[in-house]
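# Notes for the structure review
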Amino acid sequence: MGSLFRSEEMTLCQLFLQSEAAYACVSELGELGLVQFRDLNPDVNAFQRKFVNEVRRCDEMERKLRYLEKEIKKDGIPMLDTGENPEAPQPREMIDLEATFEKLENELREVNQNAEALKRNFLELTELKQILRKTQVFFDEQHEGGVNPTESMTRALISDDSIARQGNLGSVQLGLPEKTYETEEFFPCFVAGVILRERIPAFERMLWRACRGNVFLRQAEIETPLEDPSTSDQVFKSVFIIFFQGDQLKTRVKKICEGFRATLYPCPEAPADRREMAMGVMTRIEDLNTVLGQTQDHRHRVLVAAAKNIKNWFVKVRKIKAIYHTLNLFNLDVTQKCLIAECWVPVLDIENIQLALRRGTERSGSSVPPILNRMETCEDPPTYNHTNKFTSAFQALIDSYGIASYREMNPAPYTIITFPFLFAIMFGDAGHGLLMTLFGLWMILKEKPLAAKKIDSEIWNIFFGGRYIIFLMGAFSMYTGMMYNDIFSKSFNIFGSAWKIHYNSSVIYDEIEMTLNPSTSDYSGSPYTFGLDPVWQLSKNKIIFQNAYKMKISIIFGVLHMLFGVVLGLFNHMYFKDKIKIICEFIPQLIFLCFLFLYMVLLMFIKWLMYYPTDDKDKITYSPHCAPSILISFINMVLFKEPNKVEDCADYMYNGEMGIERFLVVIAVICVPWMLLAKPIYIMRNQKKSNYMVSHEQMNAATENGDAEQPAHNNTVHRVEGGHGSHAEEDLGELFIHQGIHTIEYVLGSVSHTASYLRLWALSLAHAQLSEVLWQMVLSKGLKVQGFEGGIALYIIFSIWASLTVAILVLMEGLSAFLHTLRLHWVEFQSKFYSGIGHGFQPFSFETILDSAATQTADE
C-alpha cells in the first residue's frame, strides 16, 4: 500500500548485455514496461548512431504499410483486428517482412498503374463515343435542311460581314474582315473534342475574341458523369465542335483548346466513316470493361489478403523500430561485443526485470547472462505512481497540475473520496446524480467493447477515460441530493414531515407561499429522519434557511479539507526527516489554522447547540434573537472588540470566551514571525557554526604542518542538516525573501482559501434554483393542460424539459462544478503540502508506443 500513497522507490542501474542478446532482452523489457533508459550518447548525431540503418529500414517498411493501409481504406475493405499482440520479430525476420512488403507494394503499384492506364483509355473511348453521337445530331440537322454541312459553313462564313451564330448560349454575331472572296478559295474545316462543363463559358468567350468571331461553335452536355482516372472523381463534361477556315485559325483554335485542357478527337466528316468508327469504339469499350473488371478483382484480392495481416504487421514493425531506437541509447564497450545501458527501475520490480532479461537471453541463444548492477547517484529519480484502470483517472487529475516530487505524498488516493464529495455538495440533486451515475455505470459495464471500438472523438475519450470519476460523482450527488431532499427540484416525503401546517383554500388556489417558523406550534420539535424536511420546498423562507445551512457546511468542510492538507505535509517532513520544516513551518501553520479558522467552525457548532428556536423563560439568554452572527463574532475576535450588548441576552456564547479568543489570536499572530524568521535564523546560525568549525580545523592542520601564514577563511559551500537530509548554504537575502513569500502566501491564503470554499454554497444554490426555474417555466406548463390535448402537450413539453435538463443541468452545470472542484483541490488543498516539481517515469513500453501511434493515426 506504500506505493499508493507515495511514489515507488526508484534506483539507477547499469545494464550489461551481450551484443547478440541485446535485441531480445530489450524486446522483453519493452513488453514488461518497467525500465526507463538514459541516453548515453547525447552528443552523437542521430544519423551517426550504430543502428541507424535498421531504423531507416523500419521507416521504409512503415511507409509501405501506410501505403497499403491507404489503398485498403480507399476500397472500403475492413481491416481485421483480432486484438492480438504479436511479439517483436527476430532481426532475421526483418528480411522476410521487407520482402513481403516490397512484393505487395510493387504488385499493387503495378496493378494501379495498369488500372489507371485502362481507365484513361476507357475515358478516351467514352469521350470519343460521345463526340460521335453528339456531332451526328448536328450533321443530321444539316442534312435534313438539304444543305451539305461544309457548304453550309462556307456560306455562313462568306455571306455577310455579320452573321447570327446559333448556340446554346444565345445568338452571337460572327464577323469577318472585308475580303475579295472571288479571288480566294474557302476550305472550311472543324475540330471536335471534350471539355469540362464549367469551362464552357470562358472557353467560348476566348474563342470569340481570339478568332474575331470567325468560328462557329456547337456544344452539347454529356448527361452522365465521367470518372477521372487520376483522382477517381466524377466530373461533368461537354462535347464541342468548332468550324473555322484556314490554317491560321486552326493553329489558334488548337492553342486555345490546349490552354483550356480540352481533349481533341478525330471525327470523320463522312457518315459511313463515323458509323464505322463508332462500331469500333463500342467493341473496344466492351473489351476494356472486361479487362478492367479482371484488374479490379485482382486488386481487391491483393488488398483483402493484406487487410487480414496489416494490423499485426504494423505492431511488429513499430516494435522493431522502438527496439533499435532504444539500442541507439546504449554504449559499446572497447571489445565491441557488449552493450552498456543505464536505466531507472522501480526497486520492487528488479526481480521481474531480471526474469525478463533471462527470457531474452534464452530466446537469443546466448550463453552469457546479462548483468544488472545498482548505481549510486545524486540525481533526482523520476516519479512513478503505480495505477490501475480505476485510479489512473484520479492520478491524471493530479499530474495535470504537476508531477509529484520523488517520494512525495501522492494526493490521488485521498482525491478518490474528496473530489466526488466536494463535487456532490455543489451538484446535490438525486435525479441529476442518478443520470450521471447511470451514464458512468454504462461505460464501466461496457468497458471492453467500448474500448475495442477505438472511437476517434476527443470528447468521448475524455468521458470514457474518466468513467469511474463520473460514476462516483453521480453516486455522491445522489447522496447529497437525498440530504438536500432535492430530486429534479422536488422533494420526497418518505418519513413523514415534522411540521403540522394549517392552511385554507387561498393557500392552494391563490398559490400563497407559507413561511415556516420553528418557534410556533407548527413544528413538532423533532428533526426529519434523514436530510431536510420536505415541507421546506413549500416555504417562502426556504432560500434563507438553505443559505444559512449550506454556507456553514461549506466553511466546515473547507477548513477540514485545508487542515487535512497541512497534516499531510507533516508526513512529507517526517519521511524526509526534515526537522526544520516540522518545527518552523508545520507547527506554526497548524496552530494558525486551528486557532483562527477551526475555532470559527467550533463557534458554529456551539451556536447550533446553545441557541434554541423557541423562547424559553428558563433560557431567555439563549433565545433566537440572541443568537450572534458567526462572521461578526469572528471579526470582533480578530479586532479585540467586545460584542454589541443586547438586552436580556448573554454577552458571550460561553464563559471565558473573550479571554480564550484573545489568547488564540495572540498565539496565531506570534505564528507569523515564527514562520517568517525561525527557519532562516536557524540555517544562518548553523552556517556560521559550520564555517567556524571548518576554519578551526584548517588552522589546526596548518599549525601541525608548520605553516607560518594564517589560513584564509574557506568560503566553500557547506551543507547543514535539516531539509531532505540537508540544506545547501544559500544567500541570506534570498533565504529571507523566499521565506517571506511563503509566509505571506500561507497567511493570506488561509483567509482567501477559506472564503473560496463558499463556492460550494454558491454553486449548490445556483444549481437548485436553475432546476426549480426549469420545472416551473417548462414542465409545469404541460401539467396544466387538460383533456386529450394535455397528453400531447405533456409529451412534447417533457421532451423539451428532459433535453434542457441533460444539456444545461447535467452537462453544463456538471462541467462547472467539476472545474470548481478541481480548483479547490489544486489550489486550496494541494498547496498545503504538494510541490509538484518532479518529472514523471517514462518507461520503455510497447503498450505506450502502440497507443501513441494509434492516437496519431486517428488524428491524421
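Criteria and thresholds
- Residues numbered from 1 in each chain as written.
- Predicted model: local features only at pLDDT ≥ 70, side-chain atom pairs only at ≥ 80, totals over all residues.
- Heavy atoms only, no water.
- Helix = DSSP H or I, 4+ residues; strand = E, 2+ residues; numbered from the N terminus.
- Buried < 20%, exposed > 50% of the residue type's maximum accessible area, 1.4 Å probe, protein only.
- Contact = heavy atoms within 4.5 Å.
- Areas by Shrake-Rupley, 256 points an atom, 1.4 Å probe, with all protein chains shown as cover.
- Phe/Tyr/Trp six-rings, centres within 6.5 Å; stacked < 30°, edge-to-face > 60°.
- Lys NZ or Arg CZ within 6 Å of the ring centre and 35° of its normal.
- Patch = residues over 30% accessible without salt bridge, like charges linked within 9 Å, V, L, I, M, F, W, Y side chains within 5 Å.
- Salt bridge = Lys/Arg side-chain N within 4 Å of Asp/Glu carboxyl O.
- Axes fitted to C-alpha atoms, helices over the stretch in contact; angles between N-to-C directions.
- Parallel < 35°, antiparallel > 145°, perpendicular 65-115°, else oblique.
- Left-handed = near helix turned anticlockwise from the far one by under 90°.
- Nonpolar A, V, L, I, M, F, W, Y, C, P; charged D, E, K, R; others polar.
- 1 Å grid on protein atoms, 1.4 Å probe; cavity = no way out; pocket = protein on both sides within 12 Å on 5 of 7 lines; lining within 4 Å.
- Points joined across faces, edges and corners; volume = space filled by probe spheres on them.

Turning our attention to the overall build of the chain. When helices and strands are counted, the chain shows 25 helices and 15 strands. The burial tally for the chain puts 43% of its 860 residues in the buried class. When contacts within the chain are restricted to residue pairs at least 6 apart in sequence, long-range pairs at least 24 apart make up 81% of them. Roughly 47100 Å² of accessible area belongs to the chain as shown, and the carbon and sulfur atoms make up 58% of that amount.

Another aspect to go through is the packing of aromatic side chains. For the coordinates displayed, the defined rule picks out 42 aromatic pairs. An angle of 45° between the planes, with centres 6.4 Å apart, marks the rings of F216 and F243 as tilted. Pair noted here: F216 is in strand β6 (residues 216-221) and F243 is in strand β9 (residues 237-245), with a separation of 27 residues, a long-range link. By relative accessible area, F243 is classed as buried at 5%. Here the guanidinium or amino end of R109 rests over the ring plane of Y67, the centre of that ring lying 4.1 Å away.

Looking now at a nonpolar patch on the surface. A cluster of nonpolar side chains, L435, F439, W442, I459, F463, V806, I808, L811 and M812, forms an exposed patch at the surface whose accessible area comes to about 800 Å². Of all elements in the fold, only α13 (430-445), α15 (458-465) and α24 (787-829) reach the threshold of two or more residues within the nonpolar patch. Element by element, the count of residues in the nonpolar patch is highest for α24, at 4 residues. Topologically, F463 is positioned in helix α15. The class for F463 is partly exposed, based on a relative accessible area of 32%.

Where helix α2 (residues 19-32) contacts helix α10 (residues 350-364), the axes come no closer than 8 Å and their chain directions differ by 140°. It follows that α2 is oblique to α10 by the angle criterion. Crossing angle aside, the handedness with which α2 passes α10 is right-handed. Across the interface between the two elements, E20, A21, A24, C25, S27, E28, L29 and L32 from α2 touch N352, I353, A356, L357, R359, G360, T361, R363 and S364 from α10. In the contact of α2 with α10, the residues fall into 8 nonpolar, 5 polar and 4 charged.

This part takes up empty space enclosed by the protein. To find the voids left in a structure, one rolls a probe of water-molecule size over its atoms. Evaluation of the coordinates by the stated rule reveals 6 cavities of 30 Å³ or more. Here the largest cavity defines a volume of roughly 120 Å³. Along its surface, the largest cavity is lined by 16 residues, and Y484, D486, Q537, K542 and Q546 are the ones closest to its centre. Residue assignment for the lining of the largest cavity shows that the elements contributing at least two residues are α18 (542-575) and α23 (759-783). Its residues placed into classes, the lining of the largest cavity shows 5 nonpolar, 6 polar and 5 charged.

From the geometry alone we can't say anything about function, so treat these as descriptive.
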